[in-house]
Amino acid sequence: MTPDPKEIAPWITYRPELKVLDCTVRDGGLVNDHHFSDDFVKALYHTCVEAGIDYMEIGYKASKRVFQRDRFGTWKFCDEDDVRRVVGDNPTSLKLAAMMDAGKSDWKTDLLPKDRSVFDLIRVAFYVHQTIEACEMIKAAHEKGYETSANLMAVSQATEVEIEQCLELIMETPAQVIVVVDSFGALYTEQIERLVKKYLSYAKERGKEVGIHAHNNQQLAFANTIEAIIHGASRVDASMGGLGRGAGNCPMELLIGFLRNPKFHIRPIYRFLQDWIEPLRAEVEWGPYVQYNITGQLNLHPRDAIEARKNPEDRNKFVDFYDRVTAES
């Protein structure tokens, strides 16, 4: 007797509509100012293709007026020629994404029409006070032919009213996806459930999807990503080895190991970890160190924790750091 699919536990089957985005270069670039070699990015590109990952976020399209070209690497700006040098015309099923920050990108001039670009998806990142500009950015990217995503950052510090007003405005845009972004790694599973359900209550009737982007300050990025999936999120972010700003992101190897869709393949990911991520650990630092635990628990931006870990002599002065940030907050 064939069992009713509705009675099968969700961790045994899979949801074919769920899509995975790799943010290794984009978010991971925040630990090394996006100074990844072409070989690193090319190896990651081929890994994503072999692993069956749906999207690769290859970096930012940041303003050259705001960010200095001599300080930041190629993937902070993602000029078309630089991207094509690595991926060619991208003759694969993998879609390429770039992030544009409200207030930090020249979106009116730097975004080419889709038929002249190798990118498929533009992810618009913004804080709640930048919602109006974000809506304009989304509309402009859509009109140029791109898929679009709205990434409301630092949602853990926004009020219920602010979140609801933001969602109402975003729902009027052509954005296909609205992402729950736990920028500070401050959220717990109960909060993830509430936010995903709230976003879905706005998105479903408009035919939009909900995503999750988790940071690992309290070592909950993977757990919170699973929680979001359970409650209906269908777009999920992860990075190889959890590489990302500060404490990092949901590790791709854990996420792919959890998902049951046979289109995903984990072996290429282990190869990338072995050949590229572990050597990178000797050059840059990321992960849920104590300072990031503290800022996550206090729902603070990790900038102070990042600064505290720059000096090897101060890295283990946890009490001094705790006393300082609690006094300031």
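From a predicted model like this one, the values you see are computed outputs, not experimental measurements.

Draft legend 1. Structural detail: the nonpolar core. In this structure, Val20, Met56, Tyr199 and Met240 are the most contacted members of the largest nonpolar core, which totals 82 residues. With 11 residues, the next largest nonpolar core counts Ala62, Met99, Ala125 and Val179 among its residues.

Draft legend 2. Here's a closer look at unusual backbone geometry. One non-glycine residue, Cys78, adopts positive backbone phi at about 50°. Along the chain, Cys78 falls in the loop between β2 (55-60) and α3 (80-87). Judged by relative accessible area, which is 0%, Cys78 ranks as buried. In the Ramachandran plot, Asn299 falls in the positive-phi region, its phi being about 60° despite a non-glycine side chain.

Draft legend 3. Here's a closer look at the packing of helix α5 (residues 131-143) against helix α6 (residues 160-170). It is the contact of α5 with α6, at a shortest axis distance of 10 Å, that shows an interaxial angle of 20°. By the angle between their axes, α5 is roughly parallel relative to α6. Note that α5 runs across α6; the crossing there is right-handed. Where α5 abuts α6, its residues Thr131, Ile132, Cys135 and Ile138 lie against Cys166, Leu169 and Ile170. Class assignment of the residues belonging to the contact of α5 with α6 gives a composition of 6 nonpolar, 1 polar and no charged.

Draft legend 4. Structural detail: the environment of Ile138. Within the element layout of this structure, Ile138 appears in helix α5. Spatially, the C-alpha atom of Ile138 lies 6.9 Å from that of Pro174, the residues being 36 residues apart in sequence. Not counting residues up to four positions away in its chain, the partners in contact with Ile138 are Val124, Thr148, Ala150, Ile170, Thr173, Pro174 and Ala175.

Draft legend 5. Here's a closer look at the packing of aromatic side chains. Tallying each qualifying case throughout the model produces 6 aromatic pairs. Ring plane angle 70° and centroid distance 5.3 Å describe the contact between Phe40 and Phe272, whose orientation is recorded as edge-to-face. Placement of Phe40 in helix α2 (residues 38-51) and of Phe272 in helix α10 (residues 267-281) is noted, with a sequence separation of 232 residues between them. For Phe272, a relative accessible area of 1% puts it in the buried group. Their ring planes at 25° and their centres at 6.5 Å tell us that Phe272 and Trp276 sit as a pair that is stacked. On the criterion of helical spacing, the pair formed by Phe272 and Trp276 is a turn pair, its members being 4 residues apart in helix α10.

Cut-offs applied
Residues numbered from 1 in each chain as written. Predicted model: local features only at pLDDT ≥ 70, side-chain atom pairs only at ≥ 80, totals over all residues. Heavy atoms only, no water. Core = buried A, V, L, I, M, F, W, Y, C linked by side-chain atoms within 4.5 Å. Buried < 20%, exposed > 50% of the residue type's maximum accessible area, 1.4 Å probe, protein only. Helix = DSSP H or I, 4+ residues; strand = E, 2+ residues; numbered from the N terminus. Axes fitted to C-alpha atoms, helices over the stretch in contact; angles between N-to-C directions. Parallel < 35°, antiparallel > 145°, perpendicular 65-115°, else oblique. Left-handed = near helix turned anticlockwise from the far one by under 90°. Contact = heavy atoms within 4.5 Å. Nonpolar A, V, L, I, M, F, W, Y, C, P; charged D, E, K, R; others polar. Phe/Tyr/Trp six-rings, centres within 6.5 Å; stacked < 30°, edge-to-face > 60°.

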